[in-house]
Amino acid sequence: MKRMWAVDVEGNGANPPEIVELGIVEMDDLQLTGNVKHWQFRPEHEITPAVSRIHGITNDDVADAPPIEDVIDDILLWLEESPIVGHNVRVELEALSRVLPDWKPAAAYDSLKVARALLPNEEKFGLERLGDVLGLNDAASLAVGGGAAHSGPYDAAMSAILLERLLSPLPQTERDKILMDADILNSIQGTLL
């Protein structure tokens, strides 16, 4: 398995949302490498109170942060065209594509699709809930030096750790098939849709 980045964005509550936080966590052969990147951005429009209650980021927190446009080259330097993974990764892909229109990852693996395929007896598939059920919370927090659900770095790490937990026990051919099915950029999507 090649190198990929687990990605999570947090937004300001606007429609379409502006990114106020981006966390990326590197994986190689399904293992976290320890390479974590975290940015916060000052949006053009204020963060709504309802969204602040979810992710905990306030307008004061990002008042001195750069606008995302000032950091695009740095983000592209890390992401390159590597595959990405995220829980409901379409959200990350759409948000990042708005600010990085020329960027296209090699693949966009959805850990939500993988979880639905490999945990058929679960009733709910939210990232926070799966972290609780599978006992992954401490590992995600440790991977990024702290944090909790709905922070960019923590949720990126949780997506990566979830993917590793679900795929590692499987033979390589089965992993490859599940990842192909979970790749939302794959034009010939399989049974996970």
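None of these values were measured; they are calculated from a predicted model.

**Q** Got a minute to help me understand the overall build of the chain in this structure?
**A** A count of helices and strands for the chain gives eight helices and five strands. The order of helices and strands in the chain, counted from the N terminus, is β-β-β-α-α-β-α-β-α-α-α-α-α. For 193 residues, the compact-globule estimate of 2.2 N^0.38 gives 16 Å, and the C-alpha radius of gyration of the chain, at 16 Å, lies within 12% of that figure. Principal-axis analysis of the C-alpha atoms gives the chain an extent of 50 × 35 × 30 Å. Relative to its full complement of 193 residues, the chain shows a buried share of 47%. The contacts in the chain between residues at least 6 apart in sequence include a share of 59% that link residues at least 24 apart. Positive and negative side-chain charges of the chain, numbering 15 and 33 respectively, have mean locations separated by a distance of 7 Å.

**Q** Looking at this structure, how should I read the side chain of serine 111?
**A** Counting through the fold element by element, serine 111 comes out in helix α4 (residues 111–118). Polar side-chain contacts of serine 111 include one of 2.8 Å to the side chain of histidine 87. With sequence-adjacent residues up to four places away left out, serine 111 is seen in contact with Val85, Gly86, His87, Ser159 and Leu162.

**Q** How should the sheet that holds strand β4 (residues 84–86) be read in this particular structure?
**A** Within a sheet, adjacent strands bond to each other through the backbone by hydrogen bonds, running parallel or antiparallel. Here five strands make up an open sheet; going across it, the order is β3-β2-β1-β4-β5 and the pairing mixed. Each edge of the open sheet is held by one strand with a lone partner, namely β3 (31–40) and β5 (108–110). The mean angle between the axes of side-by-side strands here comes to 25°, regardless of whether they run parallel or antiparallel. The pairing of strand β1 (residues 4–11) with β4 spans two bridges and is classified as parallel. In the sheet register, tryptophan 5 faces β4, and the bridge partner there is isoleucine 84. On the sheet, helix α3 (residues 90–99) packs against β1, β2 (19–28), β4 and β5 and is oriented at approximately 80° with respect to β1.

**Q** Sorry, what's going on with the UniProt feature "domain: Exonuclease" (unreviewed entry) in the chain here?
**A** In the numbering used here, UniProt assigns the "domain: Exonuclease" (unreviewed entry) feature to residues 3–172. For residues 3–172, the end-to-end C-alpha separation is 15 Å, with 38% helix and 20% strand making up the annotated structure.

Parameters at a glance
Throughout, a residue's number is its position along its own chain's written sequence, starting from 1. Local features in this predicted model are restricted to residues whose pLDDT is 70 or higher, and side-chain atom pairs enter the listing and the counts only when it is 80 or higher, whereas totals over whole chains, interfaces and linings include all residues. Computation of side-chain values: all heavy atoms of the structure, hydrogens and water removed. In this text, helices come from DSSP runs of H or I with a minimum length of four residues, and strands from runs of E with a minimum of two, each type numbered from the N-terminal end. Throughout, the radius of gyration refers to the C-alpha atoms, and the reference size of a globule is 2.2 Å times the residue count to the power 0.38. Remark: exposure states derive from per-residue accessible area (1.4 Å probe, protein chains only) relative to the maximum for the residue type, with buried under 20%, exposed over 50%, and partly exposed in between. Any two residues having at least one pair of non-hydrogen atoms within 4.5 Å are treated as being in contact. Here Asp and Glu are counted as negative and Lys and Arg as positive; His is not counted, and neither are the chain ends. Lysine's charge is taken at NZ, arginine's at CZ, aspartate's at CG and glutamate's at CD. Whenever two N or O atoms come within 3.5 Å, that pair is a polar contact, provided that in protein one can donate a hydrogen and the other can accept it, and provided that, for residues adjacent in sequence, both atoms are side-chain atoms. Here the rule is simple: two strands pair whenever DSSP picks up at least two bridges between them. In this analysis, axes come from line fits to C-alpha atoms, helices being fitted only over the stretch in contact, and the angle between any two N-to-C directions falls in the range 0 to 180 degrees. UniProt positions are given in the numbering used here, feature names are shortened, and annotations may be inferred rather than shown by experiment.

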